[in-house]
Amino acid sequence: MVTAHVDSSPAPRSPLGAASAALARGAAAVPPTALLLVGVISVQVGAAVAKNLFAQVGSAGAVTLRLVLAALVLLAVWRPSVRMPARTWAVVGGFGVVLGTMNLLIYQAIERIPLGAAVTIEFLGPLAVAVLGSRRWVDGVWAVLAGGGVLMLARADGGLSFAGVAFALAAAACWAAYILLSAAVGGRTSGGSGLALAMVVGSLVALPFGIGSAGAQLVDPHVLLVGLGVALLSSVVPYSLELEALRRIPSKTFGVLMSLGPAAAALAGLVLLGERLDWAQWVAVGCVVAASVGATRSARR
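Residues numbered from 1 in each chain as written. Predicted model: local features only at pLDDT ≥ 70, side-chain atom pairs only at ≥ 80, totals over all residues. Heavy atoms only, no water.

A. Examining the overall build of the protein more closely. What the protein contains, in helices and strands, is 12 helices and 0 strands. Order of helices (α) and strands (β) in the protein, N terminus to C terminus: α-α-α-α-α-α-α-α-α-α-α-α. Within the span of the protein, comprising 301 residues, buried residues form 52% of the whole. Sequence-distant contacts, at least 24 apart, represent 90% of the contacts inside the protein between residues at least 6 apart. When the accessible area of the protein is evaluated, it comes to approximately 13,100 Å², of which 68% is carbon and sulfur surface. (Helix = DSSP H or I, 4+ residues; strand = E, 2+ residues; numbered from the N terminus. Buried < 20%, exposed > 50% of the residue type's maximum accessible area, 1.4 Å probe, protein only. Contact = heavy atoms within 4.5 Å. Areas by Shrake-Rupley, 256 points an atom, 1.4 Å probe, with all protein chains shown as cover.)

See the structure below:
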């Protein structure tokens, strides 16, 4: 859930940057489709691990740990310069605000409804960007299929929490804005510097909510260790793998594989959290995945 389109500039010379470069060289030997699938799984496993933190620090505390620790790692890797034009700072700052808000909202959603359901609803954001950017009639079919899937998901098995669905829909709107701003950040900054600075802004957005929710629990050693794992699984690892994969495969193939996110989330929720979806909810997840794949494949370059 926390990735960005950036260019392929080489990593800065720093200990973590050198380690990142070494990992990138190793990843170059792995098929790009495998890298993307690992990235998709990593994001959802990270979300499942984060949900286990809710009992100790709440959803706001968990997302604060994720963003703050991911920001520290990315700052150490990229060492971005803060000397940028005001317009670039405005884009990066806006991107960071959307990033922080999106994560706060989706964590509120997965606190109330199953992980697979929340991520499926959130996928309406990127799907809307793909559909609204096209004038092809077939994209209307994908929109109807996705809408029907989400409606089925929300009403199946007695219905999901209204608040959980509302938070997931709000996160979907933020994800749509995130995609558009991500392209702008990628065009104005080099390497991962824009993402690193935006992650700092996003962590500042989440920090007051995290402190209010968890207080001193945020600096408990065990909580910090789990939070670091969440940051790596949900942000650093998938971002790095996706960056490497994007260099070697077409963007449409990238989009199709990323569309497997709802299914990966449902499986992570089942295996790691014991969250079972009924058959109708699995069909609903399949509808959204199919719509996302279809919209991606039919989208214009």
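B. How the structure looks around helix α11 (residues 261-273). The terminal C-alpha atoms of α11, which comprises 13 residues, lie 17 Å apart, in line with the 18 Å expected from a rise of 1.5 Å per residue. Those residues of α11 that fall on the buried side of the exposure criterion are Gly261, Pro262, Ala264, Ala265, Ala266, Ala268 and Gly269. Residue glycine 274 follows α11 closely and has a positive phi angle near 70°. (Expected span 1.5 Å × (residues − 1).)

C. Up close: unusual backbone geometry. Here arginine 79, not a glycine, exhibits a phi torsion of approximately 45°, which is positive. As for its position among the elements, arginine 79 is in the loop between α2 (32-78) and α3 (86-112).

D. Geometry of the packing of aromatic side chains. Scanning the entire structure with this criterion turns up 3 aromatic pairs. On the numbers, 6.0 Å between centres and 50° between planes, the contact of phenylalanine 54 with tyrosine 107 is tilted. In this pair, phenylalanine 54 is assigned in helix α2 and tyrosine 107 in helix α3, connecting sequence segments 53 residues apart. Looking at phenylalanine 54, the relative accessible area reads 10%, which means it is buried. With relative accessibility at 0%, the residue tyrosine 107 sits in the buried group. Both rings, one in phenylalanine 123 and one in tryptophan 175, keep their centres 4.9 Å apart while their planes meet at 80°; by these two values the pair is edge-to-face. (Phe/Tyr/Trp six-rings, centres within 6.5 Å; stacked < 30°, edge-to-face > 60°.)

E. Structural detail: the nonpolar core. If you look at the biggest cluster of nonpolar residues, it comprises 67 residues, and the most contacted ones within it are Val57, Leu74, Tyr107, Leu115, Ile121, Tyr178 and Met199. Take this core: its biggest share by element is 18 residues, from α2. Discounting chain neighbours no more than four positions away, the residues touching isoleucine 121 are Ile113, Val150, Leu153, Val165, Ala168, Leu169 and Ala172. Leu35, Ala245, Ile249 and Leu257 belong to the second largest nonpolar core, which has 7 residues in total. (Core = buried A, V, L, I, M, F, W, Y, C linked by side-chain atoms within 4.5 Å.)

F. Up close: the packing of α2 against helix α10 (residues 251-258). One can describe the packing of α2 onto α10 by two numbers: an axis separation of 10 Å at closest approach and a directional angle of 35°. Helix-helix and strand crossings are classified by hand; for α2 and α10 the assignment is right-handed. Here α2 contributes Thr33, Leu36, Leu37 and Val40 to the contact with α10, which in turn contributes Phe254, Leu257 and Met258. (Axes fitted to C-alpha atoms, helices over the stretch in contact; angles between N-to-C directions. Left-handed = near helix turned anticlockwise from the far one by under 90°.)

G. Examining a nonpolar patch on the surface more closely. On the surface, Met152, Trp279 and Val283 cluster together into a nonpolar patch covering about 330 Å² of accessible area. In this fold, valine 283 is placed in helix α12 (residues 279-298). The class of valine 283 is partly exposed, set by a relative accessible area of 38%. (Patch = residues over 30% accessible without salt bridge, like charges linked within 9 Å, V, L, I, M, F, W, Y side chains within 5 Å. Salt bridge = Lys/Arg side-chain N within 4 Å of Asp/Glu carboxyl O.)

H. Structural context of the environment of isoleucine 249. Note that isoleucine 249 resides in the loop between α9 (221-246) and α10. With a relative accessible area of 12%, isoleucine 249 lands in the buried category. Separated by 217 residues in sequence, isoleucine 249 and proline 32 have C-alpha atoms that sit 6.8 Å apart.

I. Geometry of the pattern of salt bridges. Scanning all chains against the criterion turns up 2 salt bridges. Lysine 51 is paired through a salt bridge with glutamate 275; the nearest N and O atoms lie 2.5 Å apart. Of this pair, lysine 51 sits in helix α2 while glutamate 275 sits in the loop between α11 and α12, and the two are 224 residues apart along the sequence. Pair check on accessibility: lysine 51 and glutamate 275 agree, each one buried.

J. Structural view of the side chain of threonine 88. With respect to the helices and strands, the residue threonine 88 is situated in helix α3. Among all residues touching threonine 88, those that are not within four sequence positions of it are Arg188 and Thr189.

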